[in-house]
Amino acid sequence: MFKFSRYYKRFRLLERLNKDPIDTLKQLSSNRDLSEDFFHLKIENLIGEIKQIKKKSLQRNSSQMDYFTLWLHQIKTPISAISLLMQRDTKSLFSHQMEQELLQIENYTHMALNYLKIEQSGSDLDFVQVSLDRVIKETVKKSSILFIYKHIQLNYQETNKFVLSDEKWLKVLVEQIVSNSLKYTPEGGRIKIYMNPTKEDQLIIEDTGIGIRSEDLPRIFERGYSGFNGRVHEKSTGLGLFLSQEITKRLGHEMSIESTVGKGTKVMIDLARTSLIKDY
């Protein structure tokens, strides 16, 4: 019984190796034979190697993050220069197409920057009462070139809503959804932005685009997943909806998507939150 009790205690200690290997090894230091000494040394060496690998991995990730952040900030300079040149040369034969492509480059650059920011822990959030109409109007204005040149009709109903959120990140979220709608809505289509009449504080962005297959819907928020439409049309990075979902979670909102191939997509953003300011 004594031997069994001692064996059982040591067995229970061994089960804790995954959670706290250093402390467990210290407690196993008594009453060891030569074979246990050998395994003890091997485990310590492996723990040391794992720590070194984690340290190198963190350093490498940090260096990559610094490089891409620097590159993305630097790419803004030639984008601004091209924009100025196009404003001066308004008689160019392909000026309209160039404006559209330049806007797409800007959108992809901003998406990459926001992706890096959202991946960094502790991104600053400033929760205030935000005018939803101001966010939507600024987004539509930014994308007005694509609305005009693709002859896409905008049906926007003013919300007259103030929501508790971070204005900067909420704008990024709405921009990303509108950008997706513009990307996958063919020329002459329609995008509708309105509040759900049956559910309070739920913003809906609906388009008449190519839609999403039902088998792709469960995976559309996965990082890097582009789905059938993204692969066929070669327009998808697989980051847009992943980024949108991550922003939604950080803001404490909820987002869901309904879609039918050939008919369009409806994105529903539930902006309801418990107010931080009590009504008096």
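As a convention, each chain's residues are numbered from 1 in the sequence order in which they are written. The predicted nature of this model means local features are confined to residues of pLDDT at least 70 and side-chain atom pairs, given and counted, to a pLDDT of 80 or more, with totals for whole chains, interfaces and linings taken over all residues. To get the side-chain values, all heavy atoms of the structure are used, and hydrogens and water are removed first.

Draft legend 1. Structural detail: the overall build of the protein chain. Each helix and strand counted, the protein chain has nine helices and seven strands in total. Categorising residues by exposure relies on relative accessible area from a 1.4 Å probe, with only protein chains included: less than 20% of the type maximum marks a residue as buried, more than 50% marks it as exposed, and the intermediate range marks it as partly exposed. Within the protein chain, buried positions represent 36% of all 280 residues. For the protein chain, long-range pairs separated by at least 24 residues make up 67% of all intrachain contacts whose partners lie at least 6 apart in sequence. Per-residue and other accessible areas follow the Shrake-Rupley method at a 1.4 Å probe size, with only the shown protein chains counted as cover for residues. Of the accessible surface of the protein chain, which amounts to about 18,100 Å², a share of 55% is contributed by carbon and sulfur atoms. Where helices and strands are cited, they refer to DSSP runs of H or I of at least four residues and of E of at least two residues respectively, numbered from the N terminus. The contact rule is simple, with two residues in contact once any of their heavy atoms fall within 4.5 Å.

Draft legend 2. Focus on the packing of aromatic side chains. Any Phe, Tyr or Trp ring, taking Trp's six-membered ring, that has another such ring centre within 6.5 Å forms a pair; planes under 30 degrees apart are called stacked, those over 60 apart edge-to-face, and the others tilted. What the rule picks out here adds up to zero aromatic pairs. Positioned above the aromatic ring of Tyr-194, the side-chain terminus of Lys-192 is 4.7 Å from the ring centre. Counting as a charge over the ring demands two things of the Lys NZ or Arg CZ atom: a distance within 6 Å of the ring centre and an angle within 35 degrees of the ring normal.

Draft legend 3. Spatial organisation of the sheet that holds strand β7 (residues 264-270). Strand order across the open sheet formed by five strands is β2-β4-β5-β7-β6, with mixed pairing between neighbours. Where the open sheet ends on each side, the last strands, each with one partner, are β2 (153-156) and β6 (254-260). Put simply, the sheet's adjacent strands are angled 10 degrees from each other on average, direction ignored. What makes two strands pair is DSSP finding at least two bridges between them. Relative to β7, β6 runs antiparallel, the two being bridged by seven bridges. The residue of β7 that forms the bridge with Met-255 is Ile-269. A fitted line through C-alpha atoms represents every axis, and for helices the fit uses only the stretch in contact; the resulting angles, taken between N-to-C directions, go from 0 to 180 degrees. Contacting β2, β4 (190-195) and β5 (202-207), helix α5 (residues 132-142) runs over the sheet at an angle of about 175 degrees to β2.

Draft legend 4. Representation of the environment of Asn-196 in the model. With respect to the helices and strands, Asn-196 occurs in the loop between β4 and β5. Classification of Asn-196 by relative accessible area gives buried; the value is 16%. Through-space distance from the C-alpha of Asn-196 to that of Met-268 is 8.4 Å; in sequence the pair is 72 residues apart. Dropping the residues within four chain positions of it, Asn-196 is found in contact with Gln-202 and Ile-204.

Draft legend 5. Here's a closer look at the confidence of the model for the protein chain. In this model, the protein chain carries a mean pLDDT of 79, and residues with pLDDT of at least 70 account for 76%. Per-residue confidence from the predictor is reported as pLDDT, a score between 0 and 100. pLDDT under 50 marks residues 275-280. Its contacts with residues more than four places away, or in other chains, come to four contacts.

Draft legend 6. Expanded view of the pattern of salt bridges. Salt bridges are defined as contacts in which a side-chain nitrogen from Lys or Arg sits within 4 Å of a carboxyl oxygen from Asp or Glu. Counted by the stated rule, this structure contains 10 salt bridges. In this structure, the salt-bridge partner of Glu-215 is Arg-213, at a minimum N-O distance of 3.5 Å. In this structure, Arg-213 engages Asp-216 in a salt bridge whose closest nitrogen and oxygen atoms are separated by 3.3 Å. Judged by its relative accessible area of 23%, Arg-213 falls in the partly exposed class. Note on Asp-216: relative accessible area 4%, which makes it buried.

Draft legend 7. Main features of the packing of helix α7 (residues 167-184) against helix α9 (residues 240-251). Running from amino to carboxyl end, α7 crosses α9 at an angle of 150 degrees, the nearest separation of the two axes being 10 Å. Taken together, α7 and α9 sit at an angle that is classed as roughly antiparallel. Judged by the sense of rotation from one axis to the other, the crossing of α7 with α9 is left-handed. Residues Trp-169, Leu-170, Val-172, Leu-173, Gln-176, Ile-177 and Asn-180 of α7 form the contact with α9, whose own contacting residues are Gly-240, Leu-241, Leu-243, Ser-244, Ile-247, Thr-248 and Leu-251. Here the term charged refers only to Asp, Glu, Lys and Arg, the term nonpolar to Ala, Val, Leu, Ile, Met, Phe, Trp, Tyr, Cys and Pro, and the term polar to all other amino acids, Gly among them. A breakdown of the residues in the contact of α7 with α9 according to their chemical character gives nine nonpolar, five polar and no charged. Note that the term roughly parallel is reserved for angles under 35 degrees, roughly antiparallel for angles over 145, roughly perpendicular for angles of 65 to 115, and oblique for everything else. The hand of a helix crossing depends on one turn: near helix anticlockwise from the far one by less than a right angle means left-handed, and clockwise means right-handed.

Draft legend 8. Local environment of α9. How far a helix is expected to stretch is found by multiplying one less than its residue total by 1.5 Å. If you check α9, its first and last C-alpha atoms are 17 Å apart, about what 12 residues at 1.5 Å a residue would give, namely 16 Å. Across the 12 residues that make up α9, a large majority, nine, are buried. Inspection of α9 places Gly-240, Leu-241, Phe-242, Leu-243, Ser-244, Gln-245, Ile-247, Thr-248 and Leu-251 among the buried residues, and these make up the whole buried set. Phi for Gly-252, located one or two positions after α9, is positive at around 80 degrees.

Draft legend 9. Highlighting the side chain of Ser-259. Inspection of the secondary structure puts Ser-259 in strand β6. Any pair of N or O atoms that falls within 3.5 Å is considered a polar contact. Within protein, one atom must be able to donate a hydrogen and the other to accept it, and sequence-neighbouring residues count only if both atoms are side-chain atoms. Separated by 2.7 Å, the side chain of Ser-259 and the backbone nitrogen of Ile-212 make a polar contact. Of the polar contacts made by the side chain of Ser-259, one reaches the backbone oxygen of Gly-264; its length is 3.1 Å. Setting aside residues up to four positions removed in sequence, Ser-259 forms contacts with Gly-211, Ile-212, Leu-217, Gly-264 and Thr-265.

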